[in-house]
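Here's the letter readout for the chains.
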Amino acid sequence: MQRDPSNFDALVIGAGAGGMCAAARLSAHGYRTLLVESLDRIGGRASTRKVGDFLCNTGALIIERDGAVAKTYEDLGLPLDLYVPPRASTVLRVGKKDINVSEGFFGWLRNVAPGILSGITKLIPPLRPKKGQSVSSWIGRFTRNEAVHHLLDNVLGAMFAANAQIFFADVFLHYFSTDTSFKKFGLPPGGTIEVWKPLAKVVTDKGGEIWLNSTVKHLTFAPDGRVSGAVVESNGELKTVSCKVAISNAGPLQTVQLAGEGRFPDGYAQEVRNATHPAAIITVHFASTQPLANFSGLALFSKTRRMVYAANFSAPELQRAPSGWYFYCGASVPHPPCGEFNVEAEQALLIEDLREQFPGFEQARIIAVDVTAHDWPAQRAVSGYDLPRNTPIGNLWNVGDGVKPWAQGGTASCAEVARLVVNDILARYPLHALSKLNTPPPIDDVSALAAKD
Ligand SMILES: Cc1cc2nc3c(=O)[nH]c(=O)nc-3n(C[C@H](O)[C@H](O)[C@H](O)COP(=O)(O)OP(=O)(O)OC[C@H]3O[C@@H](n4cnc5c(N)ncnc54)[C@H](O)[C@@H]3O)c2cc1C
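Because the structure is predicted, anything quoted here is derived from the model rather than measured.

Below, the discussion takes up the overall build of the protein. Across its full length, the protein holds 13 helices and 19 strands. Against the 2.2 N^0.38 benchmark of 22 Å for 453 residues, the protein shows a C-alpha radius of gyration of 23 Å, consistent with a compact globule. Taking the principal axes of its C-alpha atoms as reference, the protein extends roughly 70 × 55 × 40 Å. For the protein, the residues scored as buried account for 56% of the 453 residues in total. Sequence separation of 24 or more characterises 68% of the internal contacts of the protein that already satisfy a separation of 6 or more. Summed over its atoms, the accessible surface of the protein is roughly 19,600 Å², and 53% of this surface lies on carbon and sulfur atoms. The distance from the centre of the 44 positive side-chain charges to the centre of the 42 negative ones in the protein is 5 Å.

Written out as structure tokens, the structure is:
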């Protein structure tokens, strides 16, 4: 019997880091998967776009070599191509001095000190952070030194788009003492979008489909309350598809909207709204015909107005800029990191920092300025504030950085939550049992569903 081409085992909404990892893993397990993405490219906030002759990332720039993205590659038997800067991959700028924190004494300090601190707090319980205590309040018990507090703000800004006032101290201790926490990272040649292309190939090689320029408008439901499919607007046309399980990478808030609030228990939609506090980052991409930095990978800053990190993409291996150009980005976390902020004023502060930290910046060309905030944030949830990945609807899950496992961050956390969701699907909806789930009859009147908009 020929299979209905619009009938899929799994539907994945959104081709961000979480959606890509989930779709590739499901496909590798034999689930015929449809991955639907609104944009004309994969990767979401970990992608790359062309601006003139330069390749600018949409968000993520570095990928952990030992994190969950690498584990996804390993599980799928794929090689992960990352460029590792040859010297001082991370420096900390203190005053005018760049200190190499990727190796040597300071590397040791960065890698080992949090573990020692965590060990001490385990041995001496009164030193432990209290539940819900912020980093600034906890560290404030030991030191009021402004430089220390400023450094913490910038490190938390660079790693989590947060600051020490809102970041939980227990998450901080756990992340820096036990997580891979970006100690080993690389930059994808050709930009971050390249990380997801081999995963996209797994989906299509295994019989799945990827629809770009396509938006899931609504989920549809079987009489027993399970998700049965979706209405998708694809290149201006409305289509219905059916599925047995669905994963949303669109963020928990949009997942509720796609299903309809009435599908969830009383209070659930409000809970999701209350818990949604996306964080922001502003990025300036700039280029110069003269070198503007001595570091080869990432720079963190001990004291700035706003800038928390800068990156150097000039290495020819990265293929990011035309020959003869040195290419960089600098990024800031606005005040406040979550919620409303004055975009113009915050951009101006970042530009002032760039002038100060990059002599010659005045002569550089600004290639693009990105404000990632609100619906297209730096992080859908600051680590520690995440919602659960399961939803009250049995065959509908969330993936992505709004539902990260506790005390994790970045693309690695999105890959990890995708792994956990796929494991759940394998256990609860094994492939051999899927055919026994009734496929609901096709929806005749697509326009009636779309009229819900
Ligand atoms: C400036 C910046 C720098 C960062 N740096 C790093 C870094 O160096 N390393 C790191 O690991 N992480 C970094 N991060 C974090 C990382 O980029 C994000 O955590 C991660 O990319 C989020 O992925 P996600 O799975 O949540 O999906 P998203 O990126 O949110 O993708 C979701 C996708 O779903 C699509 N979509 C939404 N609704 C629909 C719909 N209805 N139908 C179809 N498609 C839909 C969207 O178009 C989008 O493409 C950075 C983030 C920013 C902003």
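To continue, consider the domain arrangement of the protein. Taken domain by domain, the protein holds domain 1 (10–47 + 191–275 + 383–450) and domain 2 (102–178). Each of domain 1 and domain 2 has a C-alpha centre, and the two are 35 Å apart. Taken together, the contact between domain 1 and domain 2 spans seven residues of the former and eight residues of the latter. Here domain 1 meets domain 2 over a buried area of about 660 Å², counting both sides, of which 70% is carbon and sulfur. Considering only the surface of domain 1 that becomes buried against domain 2, Ser383, Tyr385 and Trp406 emerge as the three largest contributors, covering 64% of it.

Moving on: the site of the ligand. Gly18, Glu37, Arg45, Asp401 and Thr411 are the nearest of the 38 residues found near the ligand. A distance of 3.5 Å separates an oxygen atom of the ligand from a polar atom in the backbone of Ala60. For the shell around the ligand, the elements supplying multiple residues, two or more each, are helix H1 (17–28), strand E10 (214–221), strand E14 (281–288) and helix H11 (410–428). Of the residues in the shell around the ligand, the class split is 18 nonpolar, 16 polar and four charged.

A separate point is the packing of helix H8 (residues 252–259) against helix H9 (residues 268–275). As a packed pair, H8 and H9 sit with axes 9 Å apart at the nearest point and diverge in direction by 155°. Regarding the angle of H8 to H9, the classification is roughly antiparallel. By crossing handedness, the relation of H8 to H9 is classed as left-handed. Judged by residue contacts, Pro252, Leu253 and Val256 of H8 engage Tyr268, Ala269, Val272 and Arg273 from H9. Considering only residue class, the contact of H8 with H9 consists of six nonpolar, no polar and one charged.

By definition, the strands of a sheet pair up through backbone hydrogen bonds, in either a parallel or an antiparallel sense. Judged by pairing direction, the sheet is mixed, and its seven strands sit side by side in the order E7-E6-E15-E16-E17-E14-E18 without closing on themselves. Bordering the open sheet on either side are strand E7 (97–100) and strand E18 (365–372), each of which pairs with just one other strand. Neighbour to neighbour, the strand axes of the sheet diverge by 20° on average, direction disregarded. Inspection of the sheet shows strand E6 (residues 90–94) paired to strand E15 (residues 298–301) by four bridges, in the parallel sense. Residue pairing in the sheet places Thr90 in a bridge with Leu298 of E15. Those strands touched by helix H5 (residues 146–160) are E6, E14, E15 and strand E16 (307–312), and its axis lies near 50° from that of E16. With respect to the sheet, helix H10 (residues 343–357) is in contact with E6, E14, E15, E16, strand E17 (326–332) and E18, its orientation differing from that of E14 by roughly 40°.

Most peptide bonds take the trans form, and the phi angle of most residues other than glycine is negative. A cis amide bond links His335 to the next residue, Pro336, at an omega of -5°. Structurally, the position occupied by Pro336 is in the loop between E17 and H10. Non-glycine residue Ala161 carries a positive phi angle of around 50°. Of note, Ala161 is situated in the loop between H5 and helix H6 (169–178).

Our focus in this paragraph is the environment of Thr58. By secondary structure assignment, the location of Thr58 is in the loop between strand E4 (54–57) and strand E5 (63–64). Residue classification places Thr58 among the buried residues on the basis of a relative accessible area of 8%. Spatially, the C-alpha atoms of Thr58 and Ala46 are 5.9 Å apart, while their sequence positions differ by 12 residues. Excluding residues that lie within four positions of it along the chain, Thr58 makes contacts with Arg41, Gly44, Arg45, Ala46, Ser47, Thr48, Arg49 and Thr372. Among the polar contacts made by the side chain of Thr58, one reaches the main-chain carbonyl oxygen of Gly44 at a distance of 2.9 Å.

What follows concerns the sheet that holds strand E19 (residues 396–398). With parallel pairing, the five strands of this open sheet are ordered in space as E9-E2-E1-E13-E19. Here the strands that pair on one side only, and so sit at the sheet edges, are strand E9 (209–211) and E19. Adjacent strand axes in the sheet meet at a mean angle of 15°, parallel and antiparallel pairs treated alike. Strand direction decides the pairing type here: strand E13 (residues 245–248) and E19, joined by three bridges, are parallel.

With that out of the way, let us pick up helix H2 (residues 68–76). Of the residues making up H2, those classed as buried are Ala68, Val69, Ala70, Thr72, Tyr73 and Leu76. Buried-residue contacts for H2 involve H1, E5, helix H7 (193–205) and H11. With its phi angle positive at about 70°, Gly77 sits one or two positions after the end of H2.

Each value, and the rule that gives it
Every chain's residues receive numbers from 1 upward, in the order its sequence appears when written. Only residues with pLDDT of at least 70 are given local features in this predicted model, and only at 80 or more are side-chain atom pairs given and counted; all residues enter the totals for whole chains, interfaces and linings. Water and hydrogen atoms were dropped before computing side-chain values, which therefore reflect all heavy atoms in the structure. Every helix listed is a DSSP run of H or I at least four residues long, and every strand listed is a run of E at least two residues long, numbered separately from the N terminus. Using C-alpha atoms as the atom set, the radius of gyration is obtained and then compared with a globule rule of 2.2 Å times the number of residues to the power 0.38. Under the scheme applied here, a residue whose accessible area is under 20% of the maximum for its type counts as buried, over 50% as exposed, and between as partly exposed, the area being computed with a 1.4 Å probe on protein chains only. Residue contacts are counted whenever heavy atoms from the two residues lie within 4.5 Å of one another. We get accessible surface area from the Shrake-Rupley algorithm with a probe of 1.4 Å; when it comes to residues, only the shown protein chains can shield them. Asp and Glu count as negative and Lys and Arg as positive, but His and the ends of the chain are not part of the count. Note that the charge is assigned to NZ on lysines, CZ on arginines, CG on aspartates and CD on glutamates. Note that the domain bounds reflect an automated or database-derived domain assignment. Each of two parts loses accessible area, computed with a 1.4 Å probe, when they are put together; buried area is these two losses added. Nearness is judged by heavy atoms alone; a residue qualifies as near a molecule or strand once a single heavy atom is within 4 Å of it. In protein, a polar contact means a hydrogen-donor-capable atom and an acceptor-capable atom, both N or O and within 3.5 Å, with residues adjacent in sequence counting only if both atoms are side-chain atoms; elsewhere, any N or O pair within 3.5 Å suffices. Gly is put with the polar residues, along with every residue not named as nonpolar or charged; the nonpolar set is Ala, Val, Leu, Ile, Met, Phe, Trp, Tyr, Cys and Pro, and the charged set is Asp, Glu, Lys and Arg. Axes here mean lines fitted to C-alpha atoms, for a helix over just the part in contact, with angles spanning 0 to 180 degrees between N-to-C directions. Each angle receives one of four descriptions, namely roughly parallel if under 35 degrees, roughly antiparallel if over 145, roughly perpendicular if within 65 to 115, and oblique otherwise. Here a crossing is called left-handed whenever its near helix is offset anticlockwise from the far helix by less than a right angle, and right-handed whenever the offset is clockwise. Strands are labelled as partners when DSSP assigns at least two bridges between them.

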